[in-house]
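# Summary of structural features
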Amino acid sequence: MPDALPAFSAIVVAAGSGSRAGGGKQWRRLAGKPVVRWSVEALLDAGAQDVVVVTPEGADIELAEALRGLSGWRAVTGGTARADSVRNGLLAIDAADVHPVLIHDAARPLLSRAIIGRVLEGLPDADGALPALPVADSLRRAVDGAVGDTVDREGLWRAQTPQAFRLRTIRDAYAAWTGPETPTDEATVVQRAGGRVRIVEGDVRLTKLTFAEDFAMAEQMIPRSVRVGQGFDAHRWGPGESVWLCGIEIPHDQTLIGHSDADAGLHALTDALLGAMGDGDIGDHFPPTDPRWKGAASDQFLIHAVERLTARGGRLLNVDVTLICERPKVKPHRQAMRERLAEILGLPLDAVSVKATTTEAMGFTGRGEGLAAQAIATIELPS
Ligand code: MG
């Protein structure tokens, strides 16, 4: 267990319309999870006593859906400007004057416990603490689309959130704000009121999701681990005129017997995906006792497993299927099988392998009693 942090409350500002990122960015999914949920989870996991989420008017249902299953948060309706939203959030917090409050933008979802700890640690000998990163790129002023003056970057920092203050300090500072302009962050408000806000080390992963391409960059920054799953299946041969294998119907003098279409290749592959996720097996998700799956096309089982993976923010890297039988000859159909699997899985063709082997007339596949399939899938999951 990591060391306990001092007691604190938090305000997550999710009231912006996010028009530059295509609108409603706080509800968009990042690695399968709504943007606003990332911050709320991080704050609750770090032990926040109270998390006040400030949302646009009429967004109660969206918020409840985004934070389903979490407890320890409350919703407050925001104002027109960010400062109004923060003021509403501050009104909702009931705590002692010296109680630390973290104010955080939902648009910075990759909030770590380390950052929460750093801003809390920065608070005792200052009126506030703000995470920031030094500016590394050289700065130029543009004039009519051309390079103008160089701006000295010495002493320049990129401010991030969460910013930490004692409840009384930030409330009093907002009450004292008289400027005609609205403040862009809380450090500005406290500084204007004469307070000293300390800079603590920020985090590149706290990048703000402003433009559509920021989502792709944030996806890349999420730590993920690689996992492998394997699956095996077998079905018995019976009378018929064709057989389904890896999503392709092959004319044959027998068929595979099963509750669904008995596509052993797809069944083994579905189990490999579920296995990699630690998500049970195909029988758990599609019980053979359920009449809905009688004669069903097995591609829907595989599609279901892919959807489960996507919902968890995972990615499929590659799959490899081996079909074990004496007949039919698989090789003439291998390319069509790979293409069909690539289509179902959303993978490039070179990440999809279908192989076939006989067992040299040995065992149940060798005697022509049945066909067996095995599969391996490699995935990445957020860790
Ligand atoms: Mg099966």
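Residues numbered from 1 in each chain as written. Predicted model: local features only at pLDDT ≥ 70, side-chain atom pairs only at ≥ 80, totals over all residues. Heavy atoms only, no water.

Of all the 6 residues making up strand 9 (residues 146–151), 0 are buried; the element is thus mostly uncovered. Sheet topology places strand 8 (residues 139–143) next to strand 9; 4 bridges connect them, and they run antiparallel. Following the sheet pairing, Val-143 is matched in strand 9 by Ala-146. The turn linking strand 8 back onto strand 9 is made up of 2 residues, and Asp-144 within it adopts a positive phi angle of 50°. (Buried < 20%, exposed > 50% of the residue type's maximum accessible area, 1.4 Å probe, protein only. Helix = DSSP H or I, 4+ residues; strand = E, 2+ residues; numbered from the N terminus. Pairing = 2+ DSSP bridges.)

What follows deals with helix 1 (residues 35–45). Burial within helix 1 is extensive, with 10 of its 11 residues counted as buried. Where helix 1 is concerned, the buried positions are Val-35, Val-36, Arg-37, Trp-38, Ser-39, Val-40, Glu-41, Ala-42, Leu-43 and Leu-44. In the segment just after helix 1, Gly-47 is the residue with positive phi, at about 100°.

Distances from the magnesium ion to its protein donors, Asp-233 (OD), His-235 (NE2) and His-267 (ND1), fall within 2.1 to 2.2 Å. Mapping the donors of the magnesium ion onto the primary sequence yields the spacing D-x1-H-x31-H. Here His-267 lies in helix 8 (residues 264–277) and Asp-233 lies in strand 13 (residues 224–239), a separation of 34 residues in the sequence. (Donors = N, O, S within 2.8 Å, 3.2 Å for Na, K, Ca; no water.)

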